[in-house]
Amino acid sequence: MPLPSQVHADVPTTPVITQKIKPVAAVDNHVLPEHRVIGIGSGSTVPYVVERIVQQGAEVNKGRVFIPTGFQSKQLIVDAGLNLGDVDQYPTIDVTLDGADEVDHQLNCVKGGGACHLREKVLAEAARTFVLVADYRKNVQYLGTNFAQGVPIEVVPFAYAKVLQNLHHILGSPKATLRMAIKKAGPVVTDNGNFIIDAPFEREHMIDPYVIMAQIKMLTGVVEVGLFCKMAKAAYFGNQDGSVTIRWKDGKVQEIAAKNTAAV
Ligand SMILES: O=C[C@H](O)[C@H](O)[C@H](O)COP(=O)(O)O
């Protein structure tokens, strides 16, 4: 069993999406009538993504198939009466929309606060277009600014102690911990039967997170790292006043005023 210093509780994320900051513009701009295979991510914004897709109409949706990143999105797809598929049937996806724990100014992001990042990364890679939707608190210059619990790392269960040791002593994350469940004794177990380690890193590693992402991934026993580097085409942030900030891959930043998102 892990030592007390190696564990922390699985704190559920508080939904912060209000009526005003639904990610409607992201759906309208990127889920186009000609799109047939659509990836649906995980997190607090994703129910609103599905809601908007349903509003596009039964006619367009009957010819589409929707690929989930986990239990939550599978339920959303089924409950909405949309066609369910899987990425092994559809390894090329037209567009995937997903949430994030934090997104930096270069559209690198941390994902896996809900332990879904393995499937999420497969769906992001499979997508011709990958789009992030989040609230304003996740729009940061550098990863680790607000989301301080660390980089989520999915590991095979029997290797967790060795991976922790390597994170502590080799990769420079002395506070890396095994994520513990709340309403279950023991660790969080992912949809894939694995454990999650949360590893905080100093700012110097987050300026260009690709390097540390690759180093973590090289540790034996690591299945996937919750750092998604330069994969997204755009990130949509809902602001408190109802406006939307869009960051594009090329560095462009666009603001949509609240009055223009009011209907959305
Ligand atoms: O594992 C979970 C996913 O990466 C979520 O997209 C991420 O944690 C954001 O979730 P939320 O919108 O609930 O904060």
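Note that this is a predicted model, so its numbers are computed, not measured.

The subject of this paragraph is the site of the ligand. Of all residues adjacent to the ligand, which total 16 residues, the nearest are Ser 42, Ser 44, Asp 101, Glu 120 and Lys 138. A distance of 2.7 Å separates an oxygen atom of the ligand from a polar atom in the side chain of Ser 44. At 2.9 Å from an oxygen atom of the ligand is found a main-chain nitrogen or oxygen belonging to Gly 112. About the coverage of the ligand: the protein hides 94% of its 380 Å² of free accessible area.

To continue, consider the nonpolar core. Within the largest apolar cluster, 28 residues are counted, with the highest numbers of intra-cluster contacts made by Ile 153, Leu 167, Ile 197, Phe 201, Ile 216 and Leu 227. Considering every element that reaches this core, the biggest residue donor is helix 6 (residues 160-169), with 4 residues. In this structure Phe 201 touches Val 151, Leu 167, Leu 171, Gly 172, Ser 173, Met 206, Ile 212 and Ile 216, once residues within four positions along its chain are discounted. Ile 38, Phe 66, Val 131 and Ala 234 belong to the second largest nonpolar core, which has 23 residues in total.

A few words now on the side chain of His 117. Checked against the element boundaries, His 117 lands in helix 5 (residues 117-126). Overall, His 117 belongs to the buried group, its relative accessible area being 0%. Polar contacts involving the side chain of His 117 include one to the main-chain amide nitrogen of Glu 154, which spans 3.4 Å.

Here we take up helix 8 (residues 210-217). Because an α-helix packs 3.6 residues into every turn, residues spaced three or four apart end up facing the same way. If you check which residues of helix 8 are buried, you get Ile 212, Met 213 and Ile 216. Along the axis of helix 8, the buried residues cluster in a sector spanning 105°; they form a single face.

Let us look at the sheet that holds strand 12 (residues 227-228). Strand order in the open sheet made by the 3 strands is 5-6-12, with antiparallel pairing throughout. Either end of the sheet is taken by a strand with one partner, and the two such strands are strand 5 (102-103) and strand 12. Bridge analysis of strand 5 against strand 6 (residues 109-110) gives 2 bridges, and the strand direction is antiparallel. Looking at the pairing, Glu 102 lines up with Val 110 of strand 6.

As far as domains go, the protein chain holds domain 1 (4-12 + 142-226) and domain 2 (19-141 + 229-261). With 25 residues of domain 1 in contact, the opposing surface of domain 2 contributes 24 residues. At the boundary of domain 1 with domain 2, total buried surface from both sides reaches about 1,900 Å², with 59% on carbon and sulfur atoms. Sorting the residues of domain 1 by area buried against domain 2 places Tyr 142, Leu 143 and Phe 147 first, and these three jointly supply 30% of that buried surface. Our count for the contact surface shared by domain 1 and domain 2 stands at 1 salt bridge. Between Glu 224 and Lys 121 there is a salt bridge whose closest N-O contact spans 3.0 Å. For the interface between domain 1 and domain 2, the tally reads 13 residue pairs in polar contact (both at pLDDT 80 or more). For the side of domain 1 that touches domain 2, the secondary-structure elements that each account for two or more residues are strand 8 (151-155), helix 8 and strand 11 (222-225). Classifying every residue of the side of domain 1 that touches domain 2 gives 14 nonpolar, 7 polar and 4 charged.

The rules behind these values
- Throughout, a residue's number is its position along its own chain's written sequence, starting from 1.
- Local features in this predicted model are restricted to residues of pLDDT 70 or higher, and side-chain atom pairs are both shown and tallied only at a pLDDT of 80 or more, whereas totals for entire chains, interfaces and linings draw on every residue.
- To get the side-chain values, take all heavy atoms of the structure and skip hydrogens and water.
- The near set for a molecule or strand comprises every residue that places at least one heavy atom within 4 Å of it.
- Whenever two N or O atoms come within 3.5 Å, that pair is a polar contact, provided that in protein one can donate a hydrogen and the other can accept it, and provided that, for residues adjacent in sequence, both atoms are side-chain atoms.
- Here, Shrake-Rupley sampling with a 1.4 Å probe gives the accessible areas, and only protein chains in the shown set may cover a residue.
- Throughout this description, the term nonpolar core refers to a set of buried Ala, Val, Leu, Ile, Met, Phe, Trp, Tyr and Cys residues connected via side-chain atoms within 4.5 Å.
- Exposure categories follow from relative accessible area, calculated using a 1.4 Å probe and restricted to protein chains: below 20% of the type maximum is buried, above 50% is exposed, and the middle band is partly exposed.
- Secondary structure counts use DSSP, requiring at least four H or I residues in a row for a helix and at least two E residues in a row for a strand, with both numbered from the N terminus.
- Every residue pair with non-hydrogen atoms within 4.5 Å of one another is taken to be in contact.
- To be clear, the arc concerns the directions from the helix axis to the C-beta atoms.
- A strand pair is defined by DSSP finding two or more bridges across the two strands.
- Start and end points for every domain follow an automatic or database-based domain assignment.
- Buried area is a sum: the accessible area each of two parts loses on coming together, probed at 1.4 Å, counted once for each and added.
- Criterion for a salt bridge: a side-chain nitrogen of Lys or Arg within 4 Å of a carboxyl oxygen of Asp or Glu.
- By the convention adopted, Pro, Cys, Tyr, Trp, Phe, Met, Ile, Leu, Val and Ala count as nonpolar, Lys, Arg, Asp and Glu as charged, and the other residues, Gly among them, as polar.

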